[in-house]
Amino acid sequence: MQTHLIHIICHANCEPHGYLCTYLDQRNIPYIKTHAIEDELLRLDLDTIAGLIFMGGPHSVYEDHAWLDDEITFIQKAIEKDIPAMGVCFGAQLISKALGARVCGAAHMETGWHRIETNTSKLHLDPVLALADTFEAFQWHEDTFSVPEGAIPLFKGSGIENQGYLYGRTLTMQFHLEMTEYMVHEWLARYNDCLPPPSHSVQSPDQITERLHERLEQLHTVADTIYGWWLDMANLK
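If you're wondering where the values come from, they're calculated on a predicted model, not measured in any experiment.

1. Some remarks on the pattern of salt bridges
Move 1: Scanning all chains against the criterion turns up 5 salt bridges.
Move 2: Measuring nitrogen to oxygen at the nearest pair gives 3.4 Å for the salt bridge that ties D82 to R169. Here R169 lies in the loop between β8 (162-167) and β9 (170-173) and D82 lies in the loop between α2 (66-80) and β4 (85-88), a separation of 87 residues in the sequence.
Move 3: The exposure class of R169 is partly exposed, given its relative accessible area of 24%.
Move 4: Between R190 and E186 there is a salt bridge; the shortest N-O distance is 2.8 Å. Of this pair, R190 and E186 both sit in helix α4 (residues 181-190), 4 residues apart, roughly one helical turn.

Here it is, written out as structure tokens:
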């Protein structure tokens, strides 16, 4: 097996990695997928890992699972070793928990397309994160997190405020940049019974699929910028 790869940590078979893997494949950046719930993390040697990406899943960090405790300990050890990491949705919540931040149920569920504000004024890094002041991203979550001590807030939502931060070489995002058309339709079919009535924070299936191709193109343009910036910052290209 190759060593010093990026490991993409997944938490459900129904959570494909979509555009993220497309991005890495197109740039010949090697990676391997690792399933946390099947205790695959216990077999990993952190000294052989170049970077870690923790994906989403239908779980909460305050659930009672042995693999959750193991994963949070794993994240803490990875951060201590300064291994570059990225967390997406549940992955961001796991990292936040590992860093001592508060993770809890949000005041309301957030699904569909919502605006994100970017604030890079406190970043003093090369390369610069060259993002627009605001962009639209895909959301699907019920929990939220506080910003850990020592982290730099980067992303803010209009509904649920904390949407991501940078801690050393660890980047978190509450929103999903990895969505594809297949993933959007698959989530709507799989989780349809979990959706509350439409509101300011919850969109109906028709609202979510409106202008879907156009929205996904714009989302992937944002993804290219953020993924590329993290890889450059982490010296993983």
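2. Some thoughts on the nonpolar core
Move 1: If you look at the biggest cluster of nonpolar residues, it comprises 52 residues, and the most contacted ones within it are F135, W140, F155, L171, M173, L177 and I226.
Move 2: With 11 residues, the top contributor of residues to this core is helix α6 (residues 212-233).
Move 3: When sequence neighbours within four positions are dropped, the list of residues in contact with F135 reads H114, R115, I116, T118, F155, F175, V222 and I226.
Move 4: By size, the runner-up hydrophobic cluster in this structure holds 26 residues, among which are A36, I72, F90 and V103.

3. A closer look at helix α1 (residues 18-26)
Move 1: Listed as buried for α1 are Y19, L20, C21, Y23 and L24.
Move 2: At its buried positions, α1 is contacted by β1 (5-10), β2 (31-35), β3 (49-54) and α6.
Move 3: Just past α1, the residue N28 takes up positive phi, approximately 55 degrees.

4. Comments concerning a negative patch on the surface
Move 1: Together, E38, D39, D64, D69 and D70 line one region of the surface with negative charge.
Move 2: In this fold, E38 is placed in the loop between β2 and β3.

5. Quick look at the sheet that holds β9
Move 1: Read across the sheet, 9 strands follow the order β2-β1-β3-β4-β9-β8-β7-β5-β6 without closing on themselves; strand pairing throughout is mixed. Single-partner strands in this sheet number two, and they are β2 and β6 (134-145). When the angles between neighbouring strand axes are averaged without regard to direction, this sheet yields 25 degrees.
Move 2: Of the strand pairs in this sheet, β8 and β9 are connected by 4 bridges, and their pairing is antiparallel. Bridge assignment links Y167 to a residue of β9, and that residue is T170.
Move 3: Those strands touched by helix α3 (residues 90-98) are β3, β4, β5 (103-118), β6, β8 and β9, and its axis lies near 120 degrees from that of β4.

The rules behind the values
- Residues numbered from 1 in each chain as written.
- Predicted model: local features only at pLDDT ≥ 70, side-chain atom pairs only at ≥ 80, totals over all residues.
- Heavy atoms only, no water.
- Salt bridge = Lys/Arg side-chain N within 4 Å of Asp/Glu carboxyl O.
- Helix = DSSP H or I, 4+ residues; strand = E, 2+ residues; numbered from the N terminus.
- Buried < 20%, exposed > 50% of the residue type's maximum accessible area, 1.4 Å probe, protein only.
- Core = buried A, V, L, I, M, F, W, Y, C linked by side-chain atoms within 4.5 Å.
- Contact = heavy atoms within 4.5 Å.
- Patch = residues over 30% accessible without salt bridge, like charges linked within 9 Å, V, L, I, M, F, W, Y side chains within 5 Å.
- Areas by Shrake-Rupley, 256 points an atom, 1.4 Å probe, with all protein chains shown as cover.
- Lys, Arg positive; Asp, Glu negative; His and termini not counted.
- Charge placed at Lys NZ, Arg CZ, Asp CG, Glu CD.
- Pairing = 2+ DSSP bridges.
- Axes fitted to C-alpha atoms, helices over the stretch in contact; angles between N-to-C directions.

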